[in-house]
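For reference, the chains in residue letters:
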Amino acid sequence: MERSVLLKRILWTVILLSVLLAASILLGILMGSTGIGIKRALLSLTSSRENDPMLHTIIWQIRFPRVLLAALVGAALSMGGLVFQALLRNPLAEPYILGISSGSGIGAIIGILAGLSRFPGVSFTAFAGSIVTLLLLFLMSSGKAILKSNSLLLSGVMVNSFCAAFIMFLISITQDARLHNIIFWLMGDLSMINLGQVGILAAILTPCFFLLFCFSNQMNLLLVGKEMAQSMGVNIRIVVPMLLLITSLMVSATVSFCGPIGFVGLVMPHLLRLIFGPDHRVLAPACILGGGTYMVFCDLLARTVPDQGEMPAGVITAMIGAPLFIILLKRSGR
Amino acid sequence: MTILHLSSIAHCLFVFVRRFIFRDSHRLTFTFLIAFVSFSAISPSLVWSTQMVDEFGRKVTVPDDPRRIVSLAPSITEIIFALNQESRLKGVTQFSDFPAEASKLPSVGSYVHLDLERIVALKPDLCIATKDGNPIKVIKMLEALHIPIYVVHPKNLELIMETIIGIGKILHADDRAKAIVEDMQFRVNTVKSLVLKAPHRPRVFFQIGISPLVSAGTPTHIHELITLAGGRNVSEGPVPYPRYSHEQILIMAPDIFIISSMARGEQFARVRDEWARWKDIPAVKNDRVYVVDSNLFDRPTPRLVDALELLATMIHPGLFEALK
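Please read these numbers as outputs of a predicted model, since none were measured by experiment.

Draft legend 1. Quick peek at the overall build of chain A. Counting its regular elements, chain A contains 15 helices and zero strands. Its C-alpha atoms give chain A a radius of gyration of 20 Å, near enough to 20 Å, the size a compact globule of 334 residues would have. Counting only C-alpha atoms, chain A reaches 65 × 60 × 35 Å along its principal axes. Buried residues in chain A amount to 47% of all 334 residues.

Draft legend 2. Just the sheet that holds strand β3 (residues 69-71) of chain B, in detail. Residue and element names in this part refer to chain B. As summarised here, the arrangement of the four strands in space is β4-β3-β5-β6, forming an open sheet in which the pairing is parallel. Looking at strand neighbours, the two that pair on one side only are β4 (89-91) and β6 (149-152), the edges of this open sheet. For this sheet the average axis-to-axis angle between neighbouring strands, irrespective of direction, equals 35°. One ladder, built from two bridges, connects β3 with β4; its direction is parallel. Looking at β4, one finds that I69 is bridged to L89.

Draft legend 3. Examining the domain arrangement of chain B more closely. All names here are of chain B. Each domain of chain B was delimited in the assignment, giving domain 1 (1-46), domain 2 (47-172) and domain 3 (198-315). Domain 2 and domain 3 are separated by 30 Å when their C-alpha centres are compared. Counting residues at the interface gives twelve residues for domain 2 and nine residues for domain 3. Per-element accounting of the side of domain 2 that touches domain 3 gives the leading share, five residues, to helix α3 (residues 74-82). Broken down by class, the residue content of the side of domain 2 that touches domain 3 amounts to eight nonpolar, two polar and two charged.

Draft legend 4. Representation of the interface of chain A and chain B in the model. The interface is formed by 21 residues belonging to chain A together with 23 residues belonging to chain B. Put simply, the parts of the chain that give the side of chain A that touches chain B at least two residues each are α3 (53-87) and α8 (178-186) of chain A. For the side of chain A that touches chain B, the element with the highest residue contribution is α3 of chain A, accounting for five residues.

Draft legend 5. A look at the environment of L170 of chain A. With respect to the element layout, L170 of chain A can be found in helix α7 (residues 149-172). Leaving out residues up to four positions away in the same chain, L170 of chain A has contacts with I109 and L113 of chain A.

Draft legend 6. Seen up close, unusual backbone geometry. With an omega of -15°, the peptide bond between F98 of chain B and P99 of chain B qualifies as cis. Mapped onto the fold, P99 of chain B is located in the loop between β4 and α4 (116-121). The backbone of F263 of chain A sits at a positive phi, close to 70°, despite the residue not being glycine. In this fold, F263 of chain A is placed in the loop between α12 (236-258) and α13 (264-276). The class for F263 of chain A is buried, based on 25 C-beta atoms found within 10 Å.

Draft legend 7. Layout of the sheet that holds strand β8 (residues 232-233) of chain B. All names here are of chain B. Strand order in the open sheet made by the four strands is β8-β7-β9-β10, with parallel pairing throughout. Of all the strands in the sheet, just β8 and β10 (289-293) have a single pairing partner and so form its edges. Sheet topology note: the strand β7 (residues 203-208)/β8 ladder contains two bridges and is parallel. Bridge assignment links V204 to a residue of β8, and that residue is N233. Helix-sheet contacts for helix α13 (residues 304-315) involve β7, β9 (256-261) and β10, and the interaxial angle to β9 is about 150°.

Draft legend 8. Local environment of helix α7 (residues 174-196) of chain B. If you check α7 of chain B, its first and last C-alpha atoms are 33 Å apart, about what 23 residues at 1.5 Å a residue would give, namely 33 Å. Here α7 of chain B has its buried residues at A177, I180, M184 and V191 of chain B.

Draft legend 9. Local environment of α13 of chain B. Residues and elements named next belong to chain B. Relative to the 16 Å expected for twelve residues at 1.5 Å per residue, α13 spans 16 Å between its end C-alpha atoms, a close match to the ideal helical length. Burial analysis of α13 places nine of its twelve residues in the buried class, which makes it a mostly covered element. Every buried residue of α13 is accounted for by L304, V305, A307, L308, E309, L310, L311, A312 and I315.

Cut-offs applied
Residues numbered from 1 in each chain as written. Chains lettered and ligands numbered in written order. Predicted model: local features only at pLDDT ≥ 70, side-chain atom pairs only at ≥ 80, totals over all residues. Helix = DSSP H or I, 4+ residues; strand = E, 2+ residues; numbered from the N terminus. Rg over C-alpha atoms; globule rule 2.2 N^0.38 Å. Buried ≥ 20, exposed ≤ 12 C-beta atoms within 10 Å, placed from the backbone. Pairing = 2+ DSSP bridges. Axes fitted to C-alpha atoms, helices over the stretch in contact; angles between N-to-C directions. Domains from an automatic or database assignment. Contact = placed C-beta atoms within 7 Å. Nonpolar A, V, L, I, M, F, W, Y, C, P; charged D, E, K, R; others polar. Expected span 1.5 Å × (residues − 1).

Set out below in C-alpha cells:
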C-alpha cells in the first residue's frame, strides 16, 4: 500500500517538474542575445527550415545544444549536492564548496595546457583531479580530533583555497592565447558547444543518474547515521564509495565541459526539500529535473542580461547561491 | 520580384564583365557557363564561390563577391576600412574603434569571447578571423554552421602585407591593396635607410600595459618594430611575452622605456612618476620614458608603419626630425 503511494508521489513530482523543465528549455531556445522576438522564434519552430534558415540555425545549432548542456549540468550538480548532503549529513555540503569542483578544475586545466582534447583527455584529468581532492578531503577530516560535521566543510574551504591558488599558479605560468579561454572557462562557461559534445556528456551522466536513483533509499537510511544504516542492511563499505565515485564522475564530467559552476548543488536540493519533503526517492528525480530547470534559467539570464556579449553562467549561480549559503549557515547555527 | 531578378541579372553581368576585363582566363569558360545557367534559372540564391587556401592552410570556399562580411578582430576591420571596402562589412567585434565609423557597425562580442548567435544573425557570407587572436573553437563552430571563414595570420610586417594583399583579392580591391603595401614598403625602407646612419642602437624596454610588467620577446612584431627602428630589444628571447620584476629591469638598464597603453593625461603622469623613482635606469635619468597608443602597436594593420615611424623618432630623435 505504502509503495503505491510513494510511486504516485514520484510520478506526480516527475510530471510536474518535467513540465517545468520543458517550459524552461522552450524559453531557453526562444530567447537570446540577438533580441529576435519570441513570436518570430515560435513561428520558426513550427515552420520548416526554408522559411528562416538563419533563425533555424541559431535555434537548433547554437541555442538548443547550449540549453541541453545547461539542463544536464544543472541536473548533475544538484544531484552531486544531494548525495554529499546525505553522505556527510550536512545540509551545507556541495561539490563546489567541498572543493571537488576546483580539484577537477586543476585536473582539467592541466589537461587543457597539455593540449588534450575535451573528451576523453580533459575529462579524464578532471576526474583524476576530483578523486585526489576527495581522498585529500577525507584524509583531512577523518582524524579523531575533528569529527564534527563542520570540520569537513572547513577542510573543504581550505581545499578550495589551495586549489584556487594552484589554479592561479598555473594561470600565471601560462603565457599565450589559451589564457583567455581558461579564464572564461573558470567562471563557468556554457557557450561553444555542439550537439555531439552534449551527447557525450549525456551518455556519461544518464547511467549515473539512474544508479543514484537506485541508491536513493540507502541515502535515506544514511541520513540517520552510518551505524544505524548498517544495522538496517545497508552495506556501507560498498554504498558509500560507490556514491562518492559516481558523484565525482558526474561533477568532473560537467567541470571538464563547462568549468566549475558553484552553488547549484546547494540551492536546488534545499528548495526541493522544502517543497517535496526529505525522502530521497522523490528528491533524486526532483533534483535531476529541477536542477536542470534552474540551470537553464541561470544560463538564460547570463545570455540575455548583458548588453554586449554575455556573462559566464557561473557568475549568476554564485550570486544567487553564496547569499543563500550564508542564510543557511546562520539558520543551522541556531 | 522583378526588381530582384533584374538586380540578380545585373549582378551576374557585373561579375562576368569584371572577370572578362581582368582576363581571368582559366575561369572564364566556367564563369560563362554558370552565368548562362543562372540567366536561365534566375535564382538569386545562387552564389558563386572559389576554393581558396587561407593563411592557416585551411581550404575555404570564399564567395566571389562577398557582401556580408563579419570581421572577427579590430585589426581586420581596420584593414577592410583601409581597402575602402567597408560597405561589405556587416559586423565587427567590440573595440573596433578605428576608424571611428567602425564602432557604429553591429558588434558580435569581443574577439576572444565571440557571440555566435549574433554572428549567425548577421547572415554573413564570409567571416574573417585571425589565427592568434580568435579561439580555434570559434573557427570550428562556424565551420560546422557552414559559414565560410577565412583565417589570416599577420604575425610580422611582411605577413601583414601579405594579409592585406590577400584580403584585397577577396574584396576585389587588389589595386588599393597593392598601393597600401607599396606605401608601407616605401616607408619601412625609408626608416631602414635612416637607421643605417645611426651611430649606435639604444637599448629599448617595451612594456605592454601598465601592470604587470610584461614585455615582448623575439617572436613578436613588437620586437621586429624595435629592431627596424634602430633599437635593441632588451627583452629579446624565445618567450613571446615574458614577465619581469622591477629588479630585472634595473639590471637590464634600458636607455629608452616605452609603455604601450590606453592611458592618457593624468594616468600617464602617474605611471611616469612611478618610474621616476628609479634614477639608476638610464631611460629615467635621461627622461626617455614614453607612453604610446597600444592600439597602434598591438594591431597588425597598415597603421603599424605609423607605429614604426613613431618608434624610430623616439629611439633616434636626431635622425628622424625630417620625418616629422
